[in-house]
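Next come the chains, spelled out residue by residue.
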Amino acid sequence: YQRRVRGFSAHPFPNMNFTSIPEEEKFAFFQQILDAQGIQKSSNIEFWDVFFGFFYAINWTEPWIITLLCIQFTLLLIAILTRKEHHLQVLLWAVSLGAMYSAETVNNYGKKNWREFATQPYFDEGGIFISLVLSTPFLLIALFVTANMVWESSQLLIFVKREEFKRELKKKAKKSE
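To start, this report covers the structure provided alongside it. In this text the structure is predicted, and so the values were computed from the model without any measurement. (Residues numbered from 1 in each chain as written. Predicted model: local features only at pLDDT ≥ 70, side-chain atom pairs only at ≥ 80, totals over all residues. Heavy atoms only, no water.)

## Concerning helix H4 (residues 63-81)
Stage number 1. The end-to-end C-alpha distance of H4 is 26 Å, a good match for the 27 Å that 19 residues give at a rise of 1.5 Å each.
Stage number 2. Packing partners of the buried residues in H4 comprise helix H5 (86-101) and helix H7 (128-176). (Helix = DSSP H or I, 4+ residues; strand = E, 2+ residues; numbered from the N terminus. Expected span 1.5 Å × (residues − 1). Contact = heavy atoms within 4.5 Å.)

Here you go:
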């Protein structure tokens, strides 16, 4: 990807909250970033250009990022491998939600102390980096666990209704005899 070297040299969206900005203004903002970097682009910015710009701005070899990704991958594997263990699934669900809940605190800590553990200031006011790197994987794990709980509940409901139906048939058979 050619924009990797000339692309975003620091966090791509410093101090920005994009939730309330209309789409046209977002595109104009990203076009200004590309123009400032000397990247020629048509009037429409594609999602993948912004995605790869963000992706290449992150130093994925930093130990704390590797550790975070390993923890998330391990929790996802545990969630998949223990999908029949309901107590463990509830614990994973709570851990995932707790990690998402603490994202703002982690972002504030990282904003103040990033020099102690990072090579560049990833943490911004809007929390875009922490949302994508911390909260999104934990959200996906929580969604997997929730979907698994719904599936298991539906299977249990089907089992219970079948047993009720069998009992009713036996009662009717005894009454008819």
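## Details of the packing of helix H6 (residues 103-113) against H7
Stage number 1. Between H6 and H7, the least distance of the axes is 10 Å, while the angle of their chain directions is 130°. The angle between H6 and H7 places the two elements in the oblique class. The hand of the H6/H7 crossing is right-handed. Residues Ala 103, Val 106 and Asn 107 of H6 touch H7, and the partners they reach there are Ile 130, Leu 134 and Ser 135.
Stage number 2. Here the residues of the contact of H6 with H7 sort into four nonpolar, two polar and no charged. (Axes fitted to C-alpha atoms, helices over the stretch in contact; angles between N-to-C directions. Parallel < 35°, antiparallel > 145°, perpendicular 65-115°, else oblique. Left-handed = near helix turned anticlockwise from the far one by under 90°. Nonpolar A, V, L, I, M, F, W, Y, C, P; charged D, E, K, R; others polar.)

## Observations concerning the packing of H4 against H5
Stage number 1. Between H4 and H5, the least distance of the axes is 10 Å, while the angle of their chain directions is 150°. Here H5 runs roughly antiparallel to H4, going by the angle between their axes. Every pair of crossing elements has a handedness; the one defined by H4 and H5 is left-handed. Each of Leu 75, Ile 78 and Ala 79 in H4 lies in contact with H5, whose residues at this interface are Leu 88, Gln 89, Leu 92 and Val 95.
Stage number 2. When its residues are assigned to classes, the contact of H4 with H5 shows six nonpolar, one polar and no charged.

So far we have only geometry, and geometry alone does not tell us how the molecule works.
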